[in-house]
Amino acid sequence: MLTRTVIRFSNFVMKIQIMAVQELEKLFQGKIDEEIKIEPKDWMPEKYRQTLIRQISQHAHSEIVGMLPEGNWITRAPSLKRKAILLAKVQDEAGHGLYLYAATETLGVTREQTINDLHTGKAKYSSIFNYPTLTWADIGAIGWLVDGAAILNQVMLTRTSYGPYARAMVRICREESFHQRQGFEILLVLSKGTKKQKEMCQDAINRWWWPSLMMFGPHDSESTHSDQSMKWKIKRKGNDELRQSFVDMIAEQAKVLGMTLPDNELKWNEDERHYDFGEINWEEFWNVVKGNGPCNKQRLEARNRAWQNGEWVREAAAAYSEKKKTKPPTPKGALAA
Ligand code: BYC
């Protein structure tokens, strides 16, 4: 008799809990529908939190790993001015990574956990950064195409439903638009240069075009997360829609450069008011995503090495912070020890 009462009571409690969660989910979706930002201390479904941790941390990793292909050219930039600009750009990417790691932390995961997931190969980062930068023109192509693709995606993310992510994106987008212009300007100079410089420019565009299209992810029909992320307004546009906007934008800008894009099927479609374009090599895309691209191994090794080499800095910072906690504050006017 007593057991039956206990079971009934626990069923009753469970029902109340389910109803409470359903009510909370309704309130949460209501906020999203009314364009009210979700903030770190607000209630959110666990899956929303996990989706954000995945996407924001992968975005952060992309910024940090993305420093490597360009960083490779800082010492070889063709002039002091070019070197200073590239150095500033690469430093911007580091800043973006740090804003985004901070945004991930607001969701209840530590930076160490997140970074460890990158170093062990558990977390993804954008496929684009697994291709090598072979000539100076690649730096132009990255700025124009890679940052160009990133901006389209990130302008959408300034309106994402999670407050800290949306705010980080506003700052990041301002810097990215400068990045794209600097890339285009590098290529513009090369496109007006000697025959060899023109060839170098065309070769870089040929190599970076298709990987740039892959940055937007699989077709919507193959995308695991799009439907739910659109309902939660984490994403505001689908992968295919963004990719199409990118093709339309770049096809026109390529004319200004006097260069071509390596796609025989690229053609203006008057009825659709869009460019038609060829099919991406999805086998290559998934191969790179799975870790088998030309530079995946090298990128992870470089990040792991940087983490190990930076150990003494982290230890020194922790020791200093400990010392500050225990030491009485220096009296005003006295010289600090
Ligand atoms: N590479 O369901 P889907 C920059 C994965 S850096 C690798 O459509 P979602 C810059 C995806 O993660 C800017 N993996 O996913 C820095 C998922 O696998 P998991 C980088 C990819 O999340 C330095 C699976 O495929 N931008 O600007 O709804 C120098 C199914 O995909 C990729 C961002 O990170 C890929 N390309 O949509 C220069 C933007 N695509 O996680 C420049 C933020 C897909 O289930 N991220 N996958 O194992 C996003 O907007 C979205 O995450 C994506 C994918 C549009 C990329």
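Cut-off values and rules
- Residues numbered from 1 in each chain as written.
- Predicted model: local features only at pLDDT ≥ 70, side-chain atom pairs only at ≥ 80, totals over all residues.
- Heavy atoms only, no water.
- 1 Å grid on protein atoms, 1.4 Å probe; cavity = no way out; pocket = protein on both sides within 12 Å on 5 of 7 lines; lining within 4 Å.
- Points joined across faces, edges and corners; volume = space filled by probe spheres on them.
- Helix = DSSP H or I, 4+ residues; strand = E, 2+ residues; numbered from the N terminus.
- Nonpolar A, V, L, I, M, F, W, Y, C, P; charged D, E, K, R; others polar.
- Near = heavy atom within 4 Å.
- Polar contact = N/O pair within 3.5 Å; in protein donor to acceptor, adjacent residues only side chain to side chain.
- Contact = heavy atoms within 4.5 Å.
- Buried < 20%, exposed > 50% of the residue type's maximum accessible area, 1.4 Å probe, protein only.
- Arc of directions from axis to C-beta.

Visitor: In this structure, what is going on with the layout of surface pockets? I would like to understand it.
Guide: What the second largest pocket holds in volume is close to 320 Å³. Lining the second largest pocket we find 13 residues, and of these I53, S57, D117, K122 and A123 sit closest to its centre. Where the lining of the second largest pocket is concerned, the elements lending two or more residues are helix 2 (46-65) and helix 5 (111-119). Tallying contributions element by element places helix 2 first for the lining of the second largest pocket, with six residues. Taken together, the residues that form the lining of the second largest pocket break down as three nonpolar, six polar and four charged.

Visitor: Just checking my understanding: could you explain the site of the ligand for this structure?
Guide: Neighbouring residues of the ligand: 36 residues in total, closest K124, S127, S223, H225 and K235. At 3.1 Å from an oxygen atom of the ligand is found a side-chain nitrogen or oxygen belonging to Q58. In the model, an oxygen atom of the ligand is placed 3.5 Å from a nitrogen or oxygen of the E176 side chain. When residues of the shell around the ligand are traced back to their parent elements, those giving at least two are helix 2, helix 4 (80-105), helix 6 (136-157), helix 7 (163-191) and helix 11 (282-292).

Visitor: Help me understand the side chain of Q202 in this model?
Guide: For Q202, the location among the structural elements is in helix 8 (residues 195-214). Among all residues touching Q202, those that are not within four sequence positions of it are M259 and T260.

Visitor: So what exactly am I meant to see when it comes to helix 5 here?
Guide: Side chains that are three or four residues apart share a direction in an α-helix, a result of its 3.6 residues per turn. Among the residues making up helix 5, those that are buried are T114, I115, L118 and H119. Buried residues of helix 5, seen end-on, are gathered within an arc of 140° and therefore sit on one face of the element. In the core, the buried residues of helix 5 are packed alongside helix 2, helix 4 and helix 12 (296-309).

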